[in-house]
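Per-entry structural report
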Amino acid sequence: MDVGHDLLILGVLFVLAFGLGRLGKLIGLPAIPIYMLVGVLASPNTHFFPLDFESADVELVATFGLIFLLFNLGLEFDQDEFFGNARALLLSGGTRIVINMAVGIGFGFWVGWGAREALVIAGMTAVSSSAIVTKLLIELRRLANRETPVILGIAVVEDIFIAIYLAVVTVVISGETDVWAVVLKLGVSFLFLIVMFTIARWGGRFVSRLVGTRDDELFTILFFGLAVAFGGIGELIGVSDAIGAFLIGLVLGATRFRGRIEQLALPMRDVFGAFFFLNFGLALDIRQFGSVLWPVAVAVVLTLVVNTAGGQLIARLNRLTPAEGFNVSGMLQNRGEFVLILATLATAAGLDGRLTPFAGLYVLIMAVVGPVLAVNSERAGARIFRRRRRSVPAPDRDRDRDFALAEAAMAGAPGDDTAALEVAADALPAEPQQEFAEVSGGVDDGEDWQPDHDRLAEQAGAQSDVHGTTAAPPRERDPEY
């Protein structure tokens, strides 16, 4: 292996990713499809460039990317939000996941690639990209919208679902045929989940004492080692390296060092995550896109239709208007890193090879369509769900004036009665007030409801990369993963 040659090519690819990423920002695209596109262009399968650069050359670094994508997801998990509103969040998020999974499994069997492949496809189409969602909420300045707490809550529920789903799907796609062996693996997987969630919930103080140090260098080495080690533990016990990294991130996120770890871990996730998406693009062969074109087209249409209808259901469950429900669906259409993680696991398990081009093309399309829909959801919702108003009869001004004059006279105002009457009459509004009652498809509880903007900003920031305090300006990054 020519190290200098490979380093030069890799450096040129990342500079190219930077240039294309800057262009993508102008139209609101996240970086995920940009990195994948650079990988496709450099892939030896496409022959766009005379490059001899294989996916295997960056496979280990790409694995670090997978680990840190899930590590940061666990780190940013909002336990207080989940346990404080568990019933409402499970109702909204759980209903959405069940519907999406049911449709996804039906679609997977319709594709006909196999039962295990159908389970993987269902996971790909069921869960949105929480990082892209929170990034869009911040950039579009929708933190104060009524639907934003619902969107963030659903993202939290989906994080829990990802942990459970990965534990199950890793065992199922392993190819094990002995029933008791499968039961044992599932038991070990769920025991691992329960232990780690228990430590995260009640062991934060104890873990804080174990990992506390003022030296940033040693601190970084520690949590990097823990992320990689628990990724290896997850792989060894059969729940995948991704879920092991997620769980140790969950535990460290429960300590008092959460903000400090996030600040140090984000650059690692950015760089290693870019390797992961670039490596995935290198493994793609666009000549295989033709074999999955129709399944991907159907998957995209199903995703758009089911999530749009689901947004209206979520609106009804949470007393939102149809237009706000349309905003919910627009935000949750985004798909990203989780689809590629599942495709990587499926490839390692030896499942149908068409899952890789399916995942690649599906993400390329949805990572473009999703942000576009989110940006335009408010304008489109206002047009689709036009607010119809009906007027309430205006008050009879002459009658109200007579009542006011009569009350003033009966009060026996001292001095000039005429002046008192004129003052009472002048107190009436100069023009009749026209009141309107809005008639729309949503539910209006009659209250001027205003969400806690600061709390939502903090929660969204915790699920993205905007961190800071009143004492120091926030450190902003682009959370495309």
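Everything below is about the structure shown above.
Quick look at the overall build of the chain
Within the chain, the regular secondary structure consists of 20 helices and four strands. Split into buried and exposed, the 481 residues of the chain put 48% on the buried side. Of all intrachain contacts in the chain linking residues separated by at least 6 positions in sequence, the fraction that spans at least 24 positions is 83%. Of the roughly 23300 Å² of accessible surface on the chain, a fraction of 62% belongs to carbon and sulfur atoms.

Looking at the packing of helix α2 (residues 31–42) against helix α17 (residues 355–384)
Contact geometry of α2 with α17 gives a least axis separation of 9 Å together with a crossing angle of 135°. When the axis of α2 is compared with that of α17, the two are oblique. For the pair α2 and α17, the crossing hand works out as left-handed. Across from Ile32, Pro33 and Met36 in α2, the residues of α17 making contact are Gly360, Val363, Leu364 and Ala367. Residue composition of the contact of α2 with α17, grouped by class: six nonpolar, one polar and no charged.

Structural notes on helix α12 (residues 241–253)
Between the first and last C-alpha of α12 there are 18 Å, a value that for 13 residues agrees with the 18 Å anticipated at 1.5 Å per step. The buried count for α12 comes to 13 of 13 residues, which makes it a mostly enclosed element.

As for the side chain of threonine 303
As for its placement among the helices and strands, threonine 303 is situated in helix α14 (residues 289–317). On the basis of relative accessibility, which here comes to 3%, the residue threonine 303 falls in the buried class. Apart from the residues lying within four places of it in its own chain, the contact partners of threonine 303 are Thr125, Gln333, Arg335, Tyr362 and Met366.

Quick notes on the pattern of salt bridges
Tallied over the entire structure, the rule returns eight salt bridges. Here arginine 96 and glutamate 158 are joined by a salt bridge, their closest N and O atoms 2.2 Å apart. Of the two residues, arginine 96 is situated in helix α5 (residues 86–111) and glutamate 158 in helix α8 (residues 148–172); the sequence distance between them amounts to 62 residues. The partner of glutamate 324 in a salt bridge is arginine 146, with the nearest N and O atoms 3.2 Å apart. One end of the pair, glutamate 324, is in helix α15 (residues 322–332); the other, arginine 146, is in the loop between α7 (130–139) and α8, and 178 residues separate them in sequence.

So, helix α13 (residues 258–283)
Since the α-helix turns once every 3.6 residues, residues separated by three or four places project in the same direction. With 26 residues, α13 should reach 38 Å at 1.5 Å per residue; the first-to-last C-alpha distance of 35 Å fits that figure. Along its length, α13 reaches its greatest deviation from straightness, about 35°, at alanine 265, and the proline proline 267 lies no more than four positions downstream. Across the 26 residues of α13, 19 count as buried, placing the element largely inside the fold.

Overview of the layout of surface pockets
One number sums up the size of the second largest pocket: a volume of about 680 Å³. Along the wall of the second largest pocket there are 29 residues; nearest its centre are Ala343, Thr344, Leu345, Thr347 and Ala348. Those elements that provide at least two residues to the lining of the second largest pocket are α3 (59–75), α11 (216–237), α13 and α16 (337–348). Examining the composition of the lining of the second largest pocket, we find that six residues originate from one element, α16, more than from any other. Partitioning the lining of the second largest pocket into residue classes produces 13 nonpolar, 12 polar and four charged.

Topic: the packing of aromatic side chains
The description of an aromatic ring pair uses the distance of the two centres, along with the angle that the planes make with each other. For the coordinates displayed, the defined rule picks out 18 aromatic pairs. Ring geometry for phenylalanine 326 versus phenylalanine 385: centroids 6.3 Å apart, planes at 65°, classification edge-to-face. On the criterion of sequence distance, the pair formed by phenylalanine 326 in helix α15 and phenylalanine 385 in the loop between α17 and β1 (388–392) is long-range, its members being 59 residues apart. Of note, arginine 260 hangs over the ring of phenylalanine 219, and the distance from its end group to the ring centre comes to 4.2 Å.

Overview of the nonpolar core
One finds Leu70, Phe71 and Leu166 to be the most contacted residues of the largest nonpolar core, which totals 118 residues. If you tally residues by element for this core, the top one is α8, at 14 residues. Look past the residues within four positions of leucine 70 in its chain and what remains in contact with it is Leu166, Ala242, Ala245, Phe246 and Ile341.

How each quantity is defined
Residues numbered from 1 in each chain as written. Predicted model: local features only at pLDDT ≥ 70, side-chain atom pairs only at ≥ 80, totals over all residues. Heavy atoms only, no water. Helix = DSSP H or I, 4+ residues; strand = E, 2+ residues; numbered from the N terminus. Buried < 20%, exposed > 50% of the residue type's maximum accessible area, 1.4 Å probe, protein only. Contact = heavy atoms within 4.5 Å. Areas by Shrake-Rupley, 256 points an atom, 1.4 Å probe, with all protein chains shown as cover. Axes fitted to C-alpha atoms, helices over the stretch in contact; angles between N-to-C directions. Parallel < 35°, antiparallel > 145°, perpendicular 65-115°, else oblique. Left-handed = near helix turned anticlockwise from the far one by under 90°. Nonpolar A, V, L, I, M, F, W, Y, C, P; charged D, E, K, R; others polar. Expected span 1.5 Å × (residues − 1). Salt bridge = Lys/Arg side-chain N within 4 Å of Asp/Glu carboxyl O. Bend = angle between axes of the 7 residues up to and from the residue. 1 Å grid on protein atoms, 1.4 Å probe; cavity = no way out; pocket = protein on both sides within 12 Å on 5 of 7 lines; lining within 4 Å. Points joined across faces, edges and corners; volume = space filled by probe spheres on them. Phe/Tyr/Trp six-rings, centres within 6.5 Å; stacked < 30°, edge-to-face > 60°. Lys NZ or Arg CZ within 6 Å of the ring centre and 35° of its normal. Core = buried A, V, L, I, M, F, W, Y, C linked by side-chain atoms within 4.5 Å.

On their own, these measurements won't tell you what the molecule is for.
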